[in-house]
Amino acid sequence: MTRPQAEDGFNPKPGEAETLLPGVRRLLAPNPSPMTYLGTNTYLVGTKDIAVIDPGPQNATHLEAIMAALAPDQRISHILVTHSHLDHSPLAADLKARTGAPINAFGAPEAGRSPIMQQLAEAGLAGGGEGIDHAFRCDHALADGDQVVGSDWTLVAHHTPGHIGNHLCFALGDVLFSGDHIMGWASSLVSPPDGDLTDFMASCRALLRHDWSLLLPGHGAPVTQAAERIRWLLTHREQREGEILAALTRAPSSPDALARIIYTEVAPALLPAATRNVFAHLVDLYQRKLVVPEGLLSAQAVFHLAE
């Protein structure tokens, strides 16, 4: 696959550890795609005990690059996973087998799923987008506010469901490892039943209550204007909601038809992801009693404005 062109000078070489801050390094995994940008960012935190945040996809070359980044007096003491998508979590098991370090995460792939998304999953709606790591399991389940402590660092878990129910961000002081919840290169995919827009908006607002100096995302370059970016994402979603409601004032429509109306500049290959995003909005609007499906709530239903 052709490697996408980088923006804003972000063009790290896969497999080479790059120091971003004292005690924080980044390794780019070799998995570029339209959904992952140049690849997954794996972060190494610490100077003696090393926490690995998001080991990445199942890739032997990347595993060796992580191990090669260790100095003789360093050891991997903790593995932390922001969420269980195939581009973030599968290598955690191999890294644990290699180092003995425990895996820390919110929980299994279905953990944190909201009741309405559980209902949709039980009705047969399957996930889309980046793909779920169904085999993922962790040794330590972290709740919102839990701490993971190393010899010279403390990481605080922030439960941020939305992109997926088991998504965590990790705070190192006022620096936030934001996973796929907040990125600079793209807005986060929200694909039911794993993604939940109602949760996504609430998680963004919760993060705005903190004064972050820097966001280190799962893909792409660091985000230096954290609050500005989070507010942009909220506004972007509110504008998208407005476009959906405006389209429904003209005629009832399905998520697929709405995506084709609204996402006029999206490449055809990305229309399925756009349709998932539209459906996520429709589920949120349904819960707020602003739209109603004809028949059962589903990704194929025709929606109209509530009376």
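Structure's up top.
Here's what I pulled together on the structure shown here.

Calculation criteria
- Residues numbered from 1 in each chain as written.
- Predicted model: local features only at pLDDT ≥ 70, side-chain atom pairs only at ≥ 80, totals over all residues.
- Heavy atoms only, no water.
- Salt bridge = Lys/Arg side-chain N within 4 Å of Asp/Glu carboxyl O.
- Helix = DSSP H or I, 4+ residues; strand = E, 2+ residues; numbered from the N terminus.
- Buried < 20%, exposed > 50% of the residue type's maximum accessible area, 1.4 Å probe, protein only.
- Pairing = 2+ DSSP bridges.
- Axes fitted to C-alpha atoms, helices over the stretch in contact; angles between N-to-C directions.
- Parallel < 35°, antiparallel > 145°, perpendicular 65-115°, else oblique.
- Left-handed = near helix turned anticlockwise from the far one by under 90°.
- Contact = heavy atoms within 4.5 Å.
- Nonpolar A, V, L, I, M, F, W, Y, C, P; charged D, E, K, R; others polar.
- Arc of directions from axis to C-beta.
- 1 Å grid on protein atoms, 1.4 Å probe; cavity = no way out; pocket = protein on both sides within 12 Å on 5 of 7 lines; lining within 4 Å.
- Points joined across faces, edges and corners; volume = space filled by probe spheres on them.

### Considerations on the pattern of salt bridges
Right, so step 1: Evaluation of the coordinates by the stated rule reveals 11 salt bridges.
Right, so step 2: Among the salt bridges present, the one from D139 reaches K96, with a minimum N-O distance of 2.7 Å. In this pair, D139 is assigned in the loop between α3 (115-122) and β7 (140-141) and K96 in helix α2 (residues 91-99), connecting sequence segments 43 residues apart.
Right, so step 3: Linking D194 and R113 is a salt bridge whose minimum nitrogen-to-oxygen distance equals 2.7 Å. Placement of D194 in the loop between β11 (175-179) and α4 (197-207) and of R113 in the loop between β6 (103-105) and α3 is noted, with a sequence separation of 81 residues between them.
Right, so step 4: According to the relative accessible area criterion, R113 is partly exposed, its value standing at 21%.
Right, so step 5: Ionic contacts of the salt-bridge type, sharing partners, join the residues E241, D284 and R288 into one network.

### Some details on the sheet that holds strand β12 (residues 214-217)
Right, so step 1: What the 5 strands build is an open sheet, ordered β8-β9-β10-β11-β12; its pairing is mixed. Sheet topology places β8 (147-149) and β12 at the edges, where each strand pairs with a single neighbour. Averaged over all pairs of adjacent strands, the angle between strand axes in this sheet comes to 25 degrees, irrespective of strand direction.
Right, so step 2: Taken together, the 3 bridges between β8 and strand β9 (residues 154-159) define a ladder with antiparallel strand orientation. By the bridge assignment for β9, V149 is matched with T154.

### Focus: the packing of α3 against helix α7 (residues 271-287)
Right, so step 1: Two elements in contact, α3 and α7, have axes separated by 11 Å at closest approach and are oriented at 120 degrees. Judged by the inter-axis angle, α3 sits oblique to α7. Crossing of α3 over α7 shows right-handed handedness. Contacts between α3 and α7 involve I116, M117 and L120 from the first element and F279, V283, Y286 and Q287 from the second.
Right, so step 2: Partitioned by chemical class, the residues of the contact of α3 with α7 number 6 nonpolar, 1 polar and no charged.

### Quick look at the sheet that holds strand β2 (residues 24-28)
Right, so step 1: Overall, mixed pairing links the 7 strands, which are arranged β1-β2-β3-β4-β5-β6-β7 in an open sheet. Of all strands in the sheet, those bounded by a partner on one side alone are β1 (18-21) and β7.
Right, so step 2: Taken together, the 3 bridges between β1 and β2 define a ladder with antiparallel strand orientation. Bridged to L21 within β2 is V24.
Right, so step 3: On the sheet, α2 packs against β4 (49-53), β5 (75-80) and β6 and is oriented at approximately 150 degrees with respect to β5.

### Observations concerning the environment of A65
Right, so step 1: Position of A65 among the secondary structure elements: in helix α1 (residues 60-68).
Right, so step 2: Exposure remark for A65: the relative accessible area of 13% places this residue in the buried category.
Right, so step 3: Spatially, the C-alpha atom of A65 lies 26 Å from that of V156, the residues being 91 residues apart in sequence.
Right, so step 4: Aside from chain neighbours lying at most four places away, what touches A65 is G15 and L27.

### Observations concerning the pairing of β11
Right, so step 1: Counted residue by residue, β11 has 5 buried out of 5 residues, so it is predominantly covered.
Right, so step 2: With 3 bridges connecting them, strand β10 (residues 168-172) and β11 associate as antiparallel partners. Of the residues in β11, the one forming a bridge with L172 is V175.
Right, so step 3: Counting the residues in the hairpin turn of β10 and β11 gives 2 residues, including G173, whose phi is positive at 65 degrees.

### Digging into α1
Right, so step 1: Those residues of α1 that sit buried are H62, L63, A65 and I66. Each buried residue of α1 sits inside an arc of 160 degrees when the element is viewed along its axis, so together they form one side. Opposite the buried face of α1, at more than 90 degrees from it, the exposed residues are A60, T61 and A68.
Right, so step 2: Packing partners of the buried residues in α1 comprise β2, β3 (41-45), β4, β5 and α2.

### Quick notes on empty space enclosed by the protein
Right, so step 1: Throughout the structure, instances matching the rule amount to 2 cavities of 30 Å³ or more.
Right, so step 2: Of all the secondary-structure elements, those providing two or more residues to the lining of the second largest cavity are β3, β11 and β12.
Right, so step 3: For the lining of the second largest cavity, the per-class residue count stands at 5 nonpolar, 4 polar and 1 charged.

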